[in-house]
Amino acid sequence: MPSNRSEPSAWQLLAPLMDLVTPMALRVAATLRLADLIADGAERVDELAKRSGTDADALGRLLRHLVCHGVFEQPSPGRFTLNDKAELLRSDHPGGMGKWLDLNGFGGRMDLVFTGLLHSVRTGGPAWEQVFGTPFWDHLAAEPALAASFDARMARSPRSAAASAYDWSGVRHVVDVGGGTGALLDEVLQDRPGLRGTLVDLPQTVARGRRFLAERGLDGRCAFAGQSFFDPLPTGGDVYVLSAVLHDWADEPATAILRRCAEAAGPAGRVLVVEYATSAGADPAMFAEMDLRMLVISGGRERTVEEYGTLAEAAGLAPAEVRTVSSGHALMEFRAA
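What counts and how
Residues numbered from 1 in each chain as written. Predicted model: local features only at pLDDT ≥ 70, side-chain atom pairs only at ≥ 80, totals over all residues. Heavy atoms only, no water. 1 Å grid on protein atoms, 1.4 Å probe; cavity = no way out; pocket = protein on both sides within 12 Å on 5 of 7 lines; lining within 4 Å. Points joined across faces, edges and corners; volume = space filled by probe spheres on them. Helix = DSSP H or I, 4+ residues; strand = E, 2+ residues; numbered from the N terminus. Nonpolar A, V, L, I, M, F, W, Y, C, P; charged D, E, K, R; others polar. Phe/Tyr/Trp six-rings, centres within 6.5 Å; stacked < 30°, edge-to-face > 60°. Buried < 20%, exposed > 50% of the residue type's maximum accessible area, 1.4 Å probe, protein only. Pairing = 2+ DSSP bridges. Contact = heavy atoms within 4.5 Å. Axes fitted to C-alpha atoms, helices over the stretch in contact; angles between N-to-C directions. Patch = residues over 30% accessible without salt bridge, like charges linked within 9 Å, V, L, I, M, F, W, Y side chains within 5 Å. Areas by Shrake-Rupley, 256 points an atom, 1.4 Å probe, with all protein chains shown as cover. Salt bridge = Lys/Arg side-chain N within 4 Å of Asp/Glu carboxyl O.

For the largest pocket, the calculated volume is near 640 Å³. Contributing to the lining of the largest pocket are 34 residues, with Trp137, Phe150, Gly178, Gly180 and Asp201 lying nearest its centre. Contributions of two or more residues to the lining of the largest pocket are made by helix H11 (136-142), helix H12 (144-155), helix H13 (158-163), helix H14 (183-189) and helix H15 (203-215). In terms of residue class, the lining of the largest pocket is built from 16 nonpolar, twelve polar and six charged.

See the structure below:
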């Protein structure tokens, strides 16, 4: 007998995957800090427009669309209030989604770069320059505010916390290569008073790291090297850490970074790589998404533990130990081959 239920249309099947209107509307609301303004008492659209520097008619259209999708409420025409979802956009919300979605920050730019995905799929290279005019790392160097946003995002990376799971007993000096503003060193040094650290990153980033570690009371136990990690690295460390660094790069430059670490570590030192890896229990969907993000941003890639081992071998290193943590991160220790 024929079914009384009609089959879903192509639009209905693909709509959850194809909508770009709502994601962009949400990001614009976050960028304009609308949730903060409403929480501060600006509920009328004309007042919201005045305080956000926008057109009242266009802003009303944006908010009405978001109301239809469950973000904000409209108790009366032209008046908008917060609901549970809109609260998540407030700047002071611990979830940090407002900052993540801000189109002026790293999170928002990281999403906008996907407008160049076709370029990456056609060429196999990053899309950042295609979308924003300059390669990713040059863009960060030219925009200090964006670089600071990037540093803040990386400081909250679970890879830094994962590094604290390493057995640091017997280690006297750790060198954090590409360590951003020092979140990993802060994590490792706080409870280990006998341990010293060196922070290696580009000069502007290291300057911010020096201030951060001074605020944490650790600057007296740290040295600072403002330089590229493609240049010879400071020697004398027991462990050279690369946390969330290699996935930013294609195989050839990633191998070059590992080789610099191997040279600096020497025969007695160790190189510790901390990365998200499917063979360490990473969520396949998250791994696939991050793999695509690395491609369009900088031409990098996520890898398996075995693939990192292949890079290390090409850099003159041999595997010593691999540990996994519950977040799907691998702690891969290498020594001179």
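There's more to say after this.
Looking now at the packing of aromatic side chains. For the structure shown, the criterion picks out twelve aromatic pairs. Relative to phenylalanine 150, the ring of phenylalanine 106 has its centre 5.0 Å away and its plane inclined at 85 degrees; by these criteria the two rings are edge-to-face. Of the two residues, phenylalanine 106 is situated in helix H8 (residues 106-112) and phenylalanine 150 in helix H12; the sequence distance between them amounts to 44 residues. For the pair formed by phenylalanine 106 and phenylalanine 150, the shared burial category is buried. Pairing tryptophan 137 with tryptophan 249 gives two aromatic rings, centres 5.5 Å apart and planes at 10 degrees, and the pair type is stacked.

This paragraph deals with the environment of alanine 152. Tracing the backbone shows alanine 152 in helix H12. By relative accessible area, alanine 152 is classed as partly exposed at 33%. Sequence separation between alanine 152 and threonine 181 is 29 residues, and the spatial gap between their C-alpha atoms is 8.2 Å.

A few words on the pairing of strand S8 (residues 317-324). One face of the sheet, then the other: side chains in a regular strand alternate in exactly this way. By the bridge criterion, seven bridges tie S8 to strand S9 (residues 329-336) in an arrangement that is antiparallel. Pairing of leucine 317 across the sheet is with alanine 336, part of S9. What sits between the antiparallel neighbours S8 and S9 is a turn of four residues, in which glycine 328 has the positive phi angle 90 degrees.

In this section: the environment of leucine 82. Within the fold, leucine 82 resides in the loop between strand S2 (79-81) and helix H6 (84-87). Between the C-alpha atom of leucine 82 and that of aspartate 36, which follows or precedes it by 46 residues, the distance is 9.5 Å. Once residues lying within four places of it in the same chain are set aside, the contact partners of leucine 82 are Ala35, Ile38, Ala39, Phe72, Glu87 and Arg90.

Not every positive phi belongs to a glycine, and arginine 33 is a case in point at roughly 55 degrees. Tracing the backbone shows arginine 33 in the loop between helix H2 (21-31) and helix H3 (34-39). Although it is not a glycine, phenylalanine 72 adopts a positive phi angle of roughly 75 degrees. When you line up the elements, phenylalanine 72 lands in the loop between helix H5 (56-68) and strand S1 (73-76).

Right, let's talk about the sheet that holds strand S4 (residues 196-201) for a bit. Strands sit in the order S5-S4-S3-S6-S7-S9-S8 across an open sheet of seven strands; the sheet is mixed. At either margin of the open sheet sits one strand with a lone partner, and together these are strand S5 (222-226) and S8. For this sheet, the mean inter-axis angle between neighbouring strands, taken without regard to orientation, is 20 degrees. Together, S4 and S5 form the strand contacts of H15, whose direction differs from that of S5 by roughly 160 degrees.

Bringing a nonpolar patch on the surface into the picture now. Residues Trp11, Leu13, Leu14, Leu17 and Met18 make up a contiguous nonpolar surface patch of roughly 620 Å² in combined accessible area. Of note, methionine 18 is situated in helix H1 (residues 10-18).

Nothing here speaks to function; it is all geometry.
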